[in-house]
Amino acid sequence: MVPELQKATVRIQQPERVMGIIRSLREQGMNKLQVISDFDMTLSRFGCNGRRCPTSHNILDNSRVISEDGKKKLKDLLHYYYPIEIDPNRTPAEKCPLMVEWWTKAHELLSQQKIQKGDIAQIVRESDVMLRDGFNELFDQLHKYNVPLFIFSAGVGDILEEIIRQANVFYSNVNVVSNYMDFDDNGVLMCFKGPLIHTYNKNNSVLQGTEYFQQLSARTSIILLGDSMGDLTMADGVPSVENILKIGFLNDKVEEQRGKYLDAYDIVLESDETLDVVNGILRYILIET
Ligand SMILES: Nc1ccn([C@@H]2O[C@H](COP(=O)(O)O)[C@@H](O)[C@H]2O)c(=O)n1
Ligand SMILES: [Mg+2]
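Residues numbered from 1 in each chain as written. Chains lettered and ligands numbered in written order. Predicted model: local features only at pLDDT ≥ 70, side-chain atom pairs only at ≥ 80, totals over all residues. Heavy atoms only, no water.

- The name given to the protein in an unreviewed UniProt entry is 5'-nucleotidase, with Mycteria americana as the source organism.
- Quoted straight from UniProt, the Sequence similarities (unreviewed entry) entry for the protein says "Belongs to the pyrimidine 5'-nucleotidase family."
- According to its UniProt record, the protein has this under Subunit (unreviewed entry): "Monomer." (UniProt positions renumbered as here; feature names shortened; annotations may be inferred.)

Spelled out as structure tokens, the structure:
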């Protein structure tokens, strides 16, 4: 059915159930389908040749427009809060206030750096960010078959949009909800626009007023792509979901997190830097119908 599911990186707790969902997605066809995806470490790569790739926040944090003192403070925040973000022994409810703290402090620091809107494209160009292998096929196929791609990210919207633009795949079927920068009349960053999106509030609470899901209420088949336990709620605002396939990229602390990921995601991709499995499933659903 989908040869890519035989890859060594693929883990599935309930194969029969998963095959049933994939068959239903195919039966329902492309007119019922939408893809809801996280961005950082899901559409973008986690690592390359043993080195970590940057998140949309890290792209700014590491860039030449941030002072040395600012860089150190942002790195200290990352080292303190990231282990909390991925700690399998704490609940999302416990993590929420700490994530708000992290994002708020980081956004305050970034807002003190007089970042110019006009520098964003060059900052992205100079960064080490990479989209996952196979991104072209994913974006091209969804565009070709008019399947909406909703990117729901707790990263920095201005940065991730620029990444997609520079990759030449920011098509009309792509919609983004994320944290956007607020610039003054001279194009200097003042603050971030609300509501704040962090890893564990990617749900209805921040989607109210975006109208996106209401427009897509007829798209009752969903493929959800994420890399954190917080991404599992990204489709909660869709009014009448009939079939949902949750695919999770398990990038970090694989042994410790495996059990929770297998319980929560239908398909878990362990240390897989490609979109092969997603593309294989889409090929089966879209092209052969
Ligand atoms: N100051 C920060 C805050 C968060 N991150 C990372 O960003 C990712 C969130 O973006 P998604 O597209 O994945 O929703 C998440 O992996 C955080 O670790 C950061 O790097 N710096
Ligand atoms: Mg992510």
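### Here we look at the coordination of the magnesium ion (ligand 2)
Thinking step 1. Every protein donor of the magnesium ion (ligand 2) is listed here as Asp38 (OD), Asp40 (O) and Asp227 (OD), and their distances to the metal cover 2.0 to 2.1 Å.
Thinking step 2. Sequence spacing among the residues donating to the magnesium ion (ligand 2) works out to D-x1-D-x186-D. With a gap of 189 residues between them, Asp38 in the loop between strand E2 (33-37) and strand E3 (47-48) and Asp227 in the loop between strand E9 (221-226) and strand E10 (243-250) connect regions that are remote in the sequence. Neither residue differs from the other here; Asp38 and Asp227 are each classed as buried. (Donors = N, O, S within 2.8 Å, 3.2 Å for Na, K, Ca; no water. Helix = DSSP H or I, 4+ residues; strand = E, 2+ residues; numbered from the N terminus. Buried < 20%, exposed > 50% of the residue type's maximum accessible area, 1.4 Å probe, protein only.)

### Quick notes on the packing of aromatic side chains
Thinking step 1. Summed over all chains, the structure comprises 5 aromatic pairs.
Thinking step 2. Taken together, Tyr80, Tyr81, Trp102 and Trp103 form an aromatic cluster joined through their ring pairs.
Thinking step 3. Positioned over the ring face of Tyr284 is Arg26, at 4.4 Å from the centre of the ring.
Thinking step 4. A cation over a ring is seen here: Arg132 above Phe249, with NZ or CZ 4.0 Å from the ring centre. (Phe/Tyr/Trp six-rings, centres within 6.5 Å; stacked < 30°, edge-to-face > 60°. Lys NZ or Arg CZ within 6 Å of the ring centre and 35° of its normal.)

### Some details on the environment of Glu27
Thinking step 1. The residue Glu27 is located in helix H1 (residues 15-28) in this model.
Thinking step 2. When its relative accessible area of 64% is taken as the criterion, Glu27 is described as exposed.
Thinking step 3. Along the primary structure Glu27 and Ile285 are separated by 258 residues, whereas in three dimensions their C-alpha atoms are 8.0 Å apart.

### Section: the site of ligand 1
Thinking step 1. Close to ligand 1 lie 16 residues, the nearest being Thr55, Glu85, Ser153, Ala154 and Lys202.
Thinking step 2. Interatomic distance of 2.6 Å between a side-chain N/O atom of Ser153 and an oxygen atom of ligand 1.
Thinking step 3. The protein chains hide 95% of the 470 Å² of surface that ligand 1 would expose on its own.
Thinking step 4. Secondary structure elements with two or more residues in the shell around ligand 1: helix H2 (56-61), helix H3 (68-85), helix H4 (92-111) and strand E5 (149-156).
Thinking step 5. Partitioned by chemical class, the residues of the shell around ligand 1 number 6 nonpolar, 5 polar and 5 charged. (Near = heavy atom within 4 Å. Polar contact = N/O pair within 3.5 Å; in protein donor to acceptor, adjacent residues only side chain to side chain. Areas by Shrake-Rupley, 256 points an atom, 1.4 Å probe, with all protein chains shown as cover. Nonpolar A, V, L, I, M, F, W, Y, C, P; charged D, E, K, R; others polar.)

### A word on the environment of Met41
Thinking step 1. If you trace the backbone, Met41 turns up in the loop between E2 and E3.
Thinking step 2. The class for Met41 is buried, based on a relative accessible area of 5%.
Thinking step 3. Taking the C-alpha atoms as reference, Met41 lies 9.4 Å from Leu250; in sequence the two are 209 residues apart.
Thinking step 4. Ignoring sequence-local partners within four residues, the contact set of Met41 consists of Phe46, Cys53, Pro54, Thr55, Arg132, Asp227, Phe249 and Asn251. (Contact = heavy atoms within 4.5 Å.)

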